[in-house]
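# Observations on the three-dimensional arrangement
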Amino acid sequence: MTTETTNRMDLTFNRLKAEGRTALIPFLTVGDPDLETTLDIIAELEAAGADILELGVPYSDPLADGPVIQRASARALRSKVHLRTCMETALKARQAGSELPFILFTYYNPVMQMGLDTFFAELNAHEISGLIIPDVPVEESEDLRVRSRAAGVNLIPLVAPTSSERIARIVSGASGFVYCVSSLGVTGERSSFHSGVDEFIASVRRATDLPVAVGFGISTGEQVSRFAKICDGVVVGSAIVRKVEEVIPLLSQPQTRSAGLLQIREFVAQLRPN
C-alpha cells in the first residue's frame, strides 16, 4: 500500500480541520440492493459531499445493527455478498475514480474465517483505510491493534455512553478516529439522544488527541449540524440505508434508475453540516 493510501483518512481529517469543516461519513451496506448499484451509490455519495465512507459487510447475526440495516444485510446476503466481495467493491470504486477513504465495518467471525494474515493483506490490496469490528472488546483487541498498525490500517473503536472508566483504555490503542455512540442500543433513526451525550463526547475528547466522530441514530441535516459543532465527524447510517430501500423499485428499472440514484444523492447532500 502506498503512503497516500495508508494515510488517506488522516489526510482527510487534516484537510477538513484546516478548512474548519466536519466530516460527513455515510454508511452503506455493500450489495444492497446489488453490487453494481453499490458502486453507483458510492459515486453519488461522493458527488453529494461525503468525506469518508463506511462500507458495511452484510452479516446474519449482527450485534449493533438495527432493523433497517438488518433488512439491507438480508438482501445482500441473498446475493451471496461476503467479506471479500466487499473488499473487491471498495477497490472497484477506487479504480472508478473514488478518492474517499473507505472504512470496513464487519464482525469478527468473517475475519476469523478468512484468517488474520490474509485479512490484513487483503485490506492493503483493496485500499481499505480503516476498520471497525464492534464485537471485539478492547480487552481482547491487542492482536488486532498490532496487526492494524503493521498494515497501516486505522483500527477505529466504538465508545458508548456507558464506557465511563473504560474510555481511556478504549481510546489508547485507537487510530484514525474515535467513534462515539450517541445513544444506547442498536443503530436506527432517533428523534432524541442520550441525555448526557454532550458531556460524554467531551470526556472522550479529553482522553484522546484523535479526531472524534459520532454516530448511531443521526438521520437529519439538523441533527448532523447539531453534532458537527462538537465533533470532527458525523456518521449517518440507517437513514441512508432506508433511503436506498425506499428507491429500490426505481433502481431496479433501467428507465427510472437515474432518478433513484438522484434521490439518494439529494438526500445525502442535505445532510452536510452547515
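Numbering of residues starts from 1 in each chain and follows the order in which that chain's sequence is written. For this predicted model, a pLDDT threshold of at least 70 governs which residues receive local features, and a threshold of 80 or more governs which side-chain atom pairs are given and counted, while totals over whole chains, interfaces and linings are taken from all residues. As a rule here, side-chain values cover all heavy atoms of the structure and leave hydrogens and water aside.

Moving on, we get to the UniProt feature "active site" (unreviewed entry) in the protein chain. UniProt positions are given in the numbering used here, feature names are shortened, and annotations may be inferred rather than shown by experiment. Under the local residue numbering, the UniProt record ascribes the feature "active site" (unreviewed entry) to Glu54 and Asp65. Helix and strand labels come from DSSP, where a helix needs a run of H or I of at least four residues and a strand needs a run of E of at least two; each type is numbered from the N terminus. As for its position among the elements, Glu54 is in strand E2 (residues 53-56). Overall, the relative accessible area of 2% leaves Glu54 in the buried class. Relative accessibility decides the category of a residue: with a 1.4 Å probe and only protein chains considered, values under 20% of the type maximum give buried, values over 50% give exposed, and everything between is partly exposed.

Right, let's get into the packing of helix H12 (residues 238-246) against helix H14 (residues 257-269). Taken N-terminus to C-terminus, the directions of H12 and H14 make an angle of 160 degrees; their axes are 9 Å apart at the nearest point. Relative to H14, the element H12 lies roughly antiparallel. For H12 against H14, the interelement crossing comes out right-handed. Contacts between H12 and H14 pair Ala239, Ile240, Lys243 and Val244 from the former with Gln263, Ile264, Phe267 and Val268 from the latter. Only Asp, Glu, Lys and Arg are considered charged in this grouping, and only Ala, Val, Leu, Ile, Met, Phe, Trp, Tyr, Cys and Pro are considered nonpolar; every other residue, Gly among them, is considered polar. A per-class count over the contact of H12 with H14 returns six nonpolar, one polar and one charged. Helix axes use the C-alpha atoms of the stretch in contact, all axes being lines fitted to C-alpha atoms, and the angles between their N-to-C directions lie in the range 0 to 180 degrees. Here the angle decides the label: under 35 degrees means roughly parallel, over 145 means roughly antiparallel, 65 to 115 means roughly perpendicular, and every other value means oblique. Handedness of a crossing is defined here by the sense of rotation of the near helix relative to the far one, left-handed for an anticlockwise turn of less than a right angle and right-handed for a clockwise turn. Working rule for contacts: check all heavy atoms of both residues, and any pair within 4.5 Å makes them a contact.

The subject of this paragraph is the pattern of salt bridges. What makes a salt bridge here is a side-chain nitrogen of Lys or Arg within 4 Å of a carboxyl oxygen of Asp or Glu, nothing more. Scanning the entire structure with this criterion turns up 20 salt bridges. Among the salt bridges present, the one from Arg147 reaches Asp143, with a minimum N-O distance of 3.1 Å. Of the two residues, Arg147 and Asp143 are both situated in helix H8 (residues 142-151); the distance of four residues between them amounts to about one turn of the helix. By relative accessible area, Arg147 is classed as partly exposed at 25%. Linked by salt bridges that have partners in common, Arg8, Arg94, Glu99 and Glu127 make up one network.

Time to look at the layout of surface pockets. In this structure, the second largest pocket occupies an estimated 320 Å³ of space. If you trace the second largest pocket, you find 18 residues lining it, with Phe13, Lys17, Leu210, Pro211 and Asp232 closest to the centre. Top contributing element to the lining of the second largest pocket by residue count: helix H2 (residues 8-19), with five residues. Looking at the lining of the second largest pocket, its residues break down into seven nonpolar, four polar and seven charged. Cavity and pocket criteria rest on a 1 Å grid covering protein atoms alone: a 1.4 Å probe that fits but cannot get out defines a cavity, protein on both sides within 12 Å along at least 5 of 7 lines defines an open pocket, and an atom within 4 Å of a point defines a lining residue. Grid points are joined across faces, edges and corners, and a volume is the space filled by probe spheres set on the points.

Bringing the side chain of Asp51 into the picture now. Looking at the element boundaries, Asp51 is found in the loop between helix H3 (35-48) and E2. Its relative accessible area of 6% is what places Asp51 among the buried residues. We call two N or O atoms a polar contact when they sit within 3.5 Å, provided that within protein one can donate a hydrogen and the other can accept it, with sequence-adjacent residues counted only if both atoms are side-chain atoms. Only 2.9 Å separates the side chain of Asp51 from the backbone nitrogen of Leu24, close enough to count as a polar contact. Apart from the residues within four sequence positions on either side, Asp51 is in contact with Thr12, Arg15, Leu16, Arg21, Thr22, Ala23, Leu24, Leu100 and Pro101.

Turning to unusual backbone geometry, a few remarks are in order. Cis rather than trans, the peptide bond between Asp32 and Pro33 has omega equal to 5 degrees. Even without being glycine, Glu127 reaches a positive phi, approximately 60 degrees. For Glu127, a relative accessible area of 21% gives the class partly exposed. Phi at Phe216 is positive, roughly 80 degrees, even though this residue is not glycine. Tracing the backbone shows Phe216 in the loop between strand E8 (212-215) and helix H11 (221-228). Residue classification places Phe216 among the buried positions, given a relative accessible area of 7%.

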